[in-house]
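Tertiary structure, described
The primary structure of each chain is shown beneath.
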Amino acid sequence: MNWKNKIRSTSMVAVLFFTGMVCLGQSFRLGTHLQSNMVVQQNKPLVVWGDAAPGTILEVQADWSGGWKIDTADLNRHWEISIPVPAAIPGKAISNAIRIKSKETELVLMNILIGDVWFCSGQSNMDMQLKPFLPWLLGTMHYQQEIANAFYQEIRLFDLETNFSATPMRYGKGQWNICSPQTVPDFSAVAYFFARDVYLQKRIPVGLVVSSIGASTAEAWTSRDSLQADKNLHTKYLYPFDTSSRSKEILDATVTFDKVARPTLLYNAMIYPLRHVALTGILWYQGESNRKDGAIYTRLLSTMIGNWRALFGQGNLPFYYVQVAPYTWQENNPLAFEYAELREAQAAVRTNTPATEMVVTMDIADPNDIHPRNKQEVGYRLAQIALAKNYGMTGLVHKGPEFESLSTHKDTLVVSFRKEGIGSGLGTNDGQPPRHFFVAGKNKQFFPAEALIRNNQVLLVSKEVKNPVAVRYAFTNYPVTNFQNIDGFPAVPFRSSF
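Worth saying up front: this structure is predicted, and the values here are computed from it rather than measured. (Residues numbered from 1 in each chain as written. Predicted model: local features only at pLDDT ≥ 70, side-chain atom pairs only at ≥ 80, totals over all residues. Heavy atoms only, no water.)

Further remarks concern the pattern of salt bridges. Scanning all chains against the criterion turns up 21 salt bridges. Salt-bridge contacts for D51 lead to R170; the nearest nitrogen and oxygen are separated by 2.8 Å. One end of the pair, D51, is in strand β5 (residues 46-52); the other, R170, is in the loop between β11 (152-160) and β12 (174-179), with 119 residues separating them in the sequence. According to the relative accessible area criterion, D51 is buried, its value standing at 15%. Overall, the relative accessible area of 22% leaves R170 in the partly exposed class. (Salt bridge = Lys/Arg side-chain N within 4 Å of Asp/Glu carboxyl O. Helix = DSSP H or I, 4+ residues; strand = E, 2+ residues; numbered from the N terminus. Buried < 20%, exposed > 50% of the residue type's maximum accessible area, 1.4 Å probe, protein only.)

The next subject is the side chain of S211. Tracing the backbone shows S211 in strand β13 (residues 206-212). In terms of polar contacts, S211 uses its side chain to reach the backbone carbonyl oxygen of M270, at 2.7 Å. Apart from residues lying up to four places away in sequence, S211 is in contact with F119, C120, S121, G122, L160, W221, M270, I271 and L274. (Polar contact = N/O pair within 3.5 Å; in protein donor to acceptor, adjacent residues only side chain to side chain. Contact = heavy atoms within 4.5 Å.)

Soluble globular proteins: nonpolar side chains tend toward being buried together. W79 and W308 are the most contacted members of the largest nonpolar core, which totals 138 residues. Excluding anything up to four places from it in sequence, W308 contacts F119, S121, W221, Y267, I271, I282, W284 and F319. (Core = buried A, V, L, I, M, F, W, Y, C linked by side-chain atoms within 4.5 Å.)

Residue-level pLDDT values for the protein chain average 94, and 95% of them are 70 or greater. Here residues 1-15 is modelled with pLDDT under 50, and outside its nearest four sequence neighbours on either side it reaches 34 contacts, counting other chains as well. (pLDDT = per-residue confidence, 0-100.)

Running from N to C, helix α7 (residues 296-312) and helix α8 (residues 338-352) cross one another at 45°; their axes reach a closest spacing of 8 Å. Considered as vectors, α7 and α8 are oriented oblique to each other. Crossing hand, α7 versus α8: right-handed. Touching Y297, T298, L301, S302 and I305 of α7 are L342, A345, Q346, A348, V349 and N352, all from α8. (Axes fitted to C-alpha atoms, helices over the stretch in contact; angles between N-to-C directions. Parallel < 35°, antiparallel > 145°, perpendicular 65-115°, else oblique. Left-handed = near helix turned anticlockwise from the far one by under 90°.)

Structure (structure tokens):
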């Protein structure tokens, strides 16, 4: 425990330089993420909260705010104090202190930075660290060099410990760490590369609050009330669980593949305890464990987003997520497309949920590895979205080509794309014609098509289809694609309707 204890001679109050753990003799408890070394969200109130004996008077002061603020613990032992936070100054991070005291105890949180805080969640591709999980695994691409160069004291990580609960938990466990070659091996790779790219552009501190666990489902991260309020989600996810013997089991923190898939358990233990964290936005990388859910995943993820936004109480927090990459699922069936249907459901979230955007990873995957190693590119693409949408950097391309319309000219299909995804123009990453286009006639039988880029459109022909009326692009489980805009952002997989 990294705190020191000393006695102030003037008042005989114990002063604890506090990293976040509850200390023996302490007369109050602080909220989960309130620790030394944390990053505090700029331009939003900092909520300092916790528990104490009913009637205990708590006082809080932050270096930047001047005077003390006061609250009294209620009959439920709860107390909460809100402190305004100013804007961060680019290139000038100031180390601050926050003091919290009662009659018996004073805590001092040290080395507090004001910047932007991003909440990062999902399953194993978000949870994947820079270092290999096991010595014989490959790990993140170029991880040794990345770790050696990770001298970024203004990037901080709070990683919430894995837990499960049948009801919402008031507290969780975790610790803030300052980014360095010694600590960064344990950072989420996607979160780190995102933070690094944002920091290098904006030069303000970046805090990462990571709550993720491999193999988890989206319903596990969603509240009971939210699932219950939607008849379709209740029928598919909640009712089967509630009527099973598993719902009666006594829970502990032991991780199993079954527990991380159960509805609500991760929301209760790993989302609810973070409800008071002020944020810039949310990053999400998940979907593999919902691969057979198809179109209902749109409803599920949109519901989860609304659930989280209501919990954090900060309006429509930006929600940027990663589409699942090509993967064979050990089936090696080039015609299977249930994973493509999940990608389609992921893409559809943007049409009915405001302030959302999606990263495409069809070009940087290994179909035999469910964990793409190129996490640098994933972090970069997420950062480009944030820099364009949150940080006001104009002229940034942050997405790839996306289907807009289809027209026919004799035996040729002409595919047009939305202007905002064309960027500097259409192209491929290897100089070859675009791959993974299929066309069909009225009989709905799809055949491979030859593709040609012309005037920022794609022209498609197939010897097997004389009168094509429909197109599919990368609409199978594991097509690694080459079609993109010249700026390096891959096209979104799609299928046109008949």
